Amino acid sequence: ALRVLEVDYALSVAIATVRFPTLARFAAPGTFAEITVIVPARELAAARPLATLWPGLPVRVAAETELLPDVAAQRNYVRLRPWHFQQLLKLGACAAAATPCVMVFDPDVIATRPFALADLIADHKPVVHTEAKTVHRAWWQASADLLGVAVDWARPGLSVTPQILRADLCRALLARIETSHRRPWPALLRQRSYTPWTEYTLYGLFCEAAGCFDTHHI
């Protein structure tokens, strides 16, 4: 089964009550091992009912401080935009996942047709959505500068959420960042928040540089 990670960086119960019924209707039983909704600690009490409204969905609501205390500690830095903070949460939660793969949702993602695990994982590889790297050139260049790698502009790259990431590759990516910069990865990425790095461009470039993208993704 697949774990789903959703980061509600501005929790909207109205949005959630639209999206969860679409998952309950269209996802085949057993597709998801867990649907983890990450919220700010101050919103935990208001969000907890999400775990009980759809008995057929394995929803768990977790506070940032409970799940990822090192990342949550970066929230109040003035220079860290919410756009970057929610990406820190995604990378950290994917790296900490017990399942091999994690499907990342944003609050505005809904299901529109029936699907099963076989539609998301093919030949043991997560299916990802790609686009030309030139669509978001600044994102790819900023991430390449951070990782110290070159960008192959002719090769398609990961598009935006939703995506399915491998937990082991997320852990390897964060270890590479810490080894290269000799700093904890949450603090380093927060410090670099003046540049438009993104979670998927970092992940994609790391996999390409390691020569493992095609062996682990479709």
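This section reports on the structure supplied with the text. Given the structure is predicted, the values throughout are model-derived calculations rather than measurements. Per chain, the residues get numbers from 1 upward, laid out in the order the sequence is written. In view of the model being predicted, local features appear only for residues whose pLDDT reaches at least 70, and side-chain atom pairs are presented and counted only at 80 or more, with totals across whole chains, interfaces and linings using the full set of residues. No hydrogens and no water enter the side-chain calculation; it runs on all heavy atoms of the structure.

1. Things to note about the pairing of strand β4 (residues 101–105)
Let me state the cut-off plainly: Three exposure classes are used, based on accessible area relative to the maximum for each residue type with a 1.4 Å probe and protein chains only: buried under 20%, partly exposed in between, and exposed over 50%. Where helices and strands are cited, they refer to DSSP runs of H or I of at least four residues and of E of at least two residues respectively, numbered from the N terminus. At least two DSSP bridges between two strands are required for those strands to pair.
Counting buried residues in β4 gives 5 out of 5 residues, a clear majority hidden from the surface. Residues Cys101, Met103 and Phe105 point to one face of β4 and Val102 and Val104 to the other, with burial holding for every one of them. Pairing of β4 with strand β9 (residues 163–166) involves 4 bridges; the strand directions are antiparallel. Considered in β9, the bridge of methionine 103 is made with isoleucine 164.

2. What to know about the environment of cysteine 207
We count it as follows: Contacts are residue-level and defined by heavy atoms, with any inter-residue pair within 4.5 Å sufficient.
Along the chain, cysteine 207 turns up in helix α10 (residues 199–210). The spatial distance from the C-alpha of cysteine 207 to the C-alpha of leucine 169 is 7.5 Å, given a sequence separation of 38 residues. Not counting the four nearest positions on each side in its chain, cysteine 207 is found in contact with Leu169, Cys212 and Phe213.

3. Remarks on the pairing of strand β2 (residues 32–39)
Burial within β2 is extensive, with 6 of its 8 residues counted as buried. With 5 bridges connecting them, β2 and strand β3 (residues 59–63) associate as parallel partners. For threonine 36, the partnering residue across the bridge sits in β3 and is arginine 60.

4. Comments concerning the nonpolar core
Heads up, the rule is: To qualify as a nonpolar core, a set must consist of buried Ala, Val, Leu, Ile, Met, Phe, Trp, Tyr and Cys residues joined through side-chain atoms within 4.5 Å.
Leu173, Ile177 and Leu189 are the most contacted members of the largest nonpolar core, which totals 40 residues. Among the secondary structure elements, those contributing two or more residues to this core are α5 (82–96), β4, α7 (137–147), α8 (167–181), α9 (185–191) and α10. For this core, the element with the highest residue contribution is α5, accounting for 7 residues. Once you skip the residues sitting within four places of it in the chain, leucine 173 turns out to touch Leu91, Leu147, Leu202, Tyr203 and Phe206. Grouped together as the second largest cluster of nonpolar side chains are 24 residues, Phe26, Leu50, Ala111 and Ile164 included.

5. Quick word on the state of the cysteines
Note on terminology: disulfide describes a covalent bond linking the sulfur atoms of two cysteines. Applied cut-off: By definition, disulfides here are pairs of cysteine sulfur atoms that lie within 2.5 Å.
This model, assessed by the stated rule, comprises 0 disulfides. Distance from the sulfur of cysteine 170, which forms no disulfide, to the nearest cysteine sulfur (cysteine 94) is 4.6 Å. Cysteine 207 takes part in no disulfide bond, and the closest cysteine sulfur to it belongs to cysteine 212, at a distance of 4.3 Å.

6. Comments concerning unusual backbone geometry
Here threonine 161 and proline 162 are connected by a cis peptide whose omega angle stands at 5°. Following the sequence through the fold, proline 162 ends up in the loop between β8 (157–158) and β9. For aspartate 123, which is not a glycine, the phi torsion comes out positive at approximately 55°. The backbone of arginine 182 shows a phi angle near 55°, a positive value even though the residue is not glycine. Relative to the helices and strands, arginine 182 resides in the loop between α8 and α9. For arginine 182, a relative accessible area of 77% gives the class exposed.

7. Focus on α10
Because an α-helix completes one turn every 3.6 residues, residues spaced three or four positions apart along the sequence face the same direction. Threshold: Take the number of residues in a helix, subtract one, and multiply by 1.5 Å to get its expected span.
Helix length check: α10 (12 residues) gives 17 Å between terminal C-alpha atoms against 16 Å at 1.5 Å per residue, within 8%. Of all 12 residues making up α10, 10 are buried, and the element is well covered by its neighbours. Taken together, the buried positions of α10 are Glu199, Tyr200, Thr201, Leu202, Tyr203, Gly204, Leu205, Phe206, Cys207 and Glu208. Positive backbone phi, at 70°, marks glycine 211, one or two positions downstream of α10.

8. Some remarks on α8
The end-to-end C-alpha separation of α8 is 21 Å, in line with the 21 Å expected for 15 residues at 1.5 Å each. Among the structural elements, α5, α7, β9, α9, α10 and α11 (213–216) are those in contact with the buried residues of α8. Arginine 182 sits one or two positions beyond α8 and adopts a positive phi of about 55°.

9. Brief notes about the pattern of salt bridges
Short version of the rule: The rule for a salt bridge is simple: a side-chain nitrogen of Lys or Arg has to be within 4 Å of a carboxyl oxygen of Asp or Glu.
Tallied over the full model, the rule gives 9 salt bridges. Where arginine 75 meets glutamate 64, a salt bridge forms, and the shortest distance between an N and an O atom there is 2.3 Å. Linking arginine 75 in the loop between α4 (69–72) and α5 with glutamate 64 in helix α3 (residues 64–67), this pair joins segments that are 11 residues apart in sequence. Across the pair aspartate 106 and lysine 90 runs a salt bridge, and its minimum N-O distance is 2.7 Å. Pair noted here: aspartate 106 is in the loop between β4 and α6 (117–120) and lysine 90 is in helix α5, with a separation of 16 residues, a long-range link.

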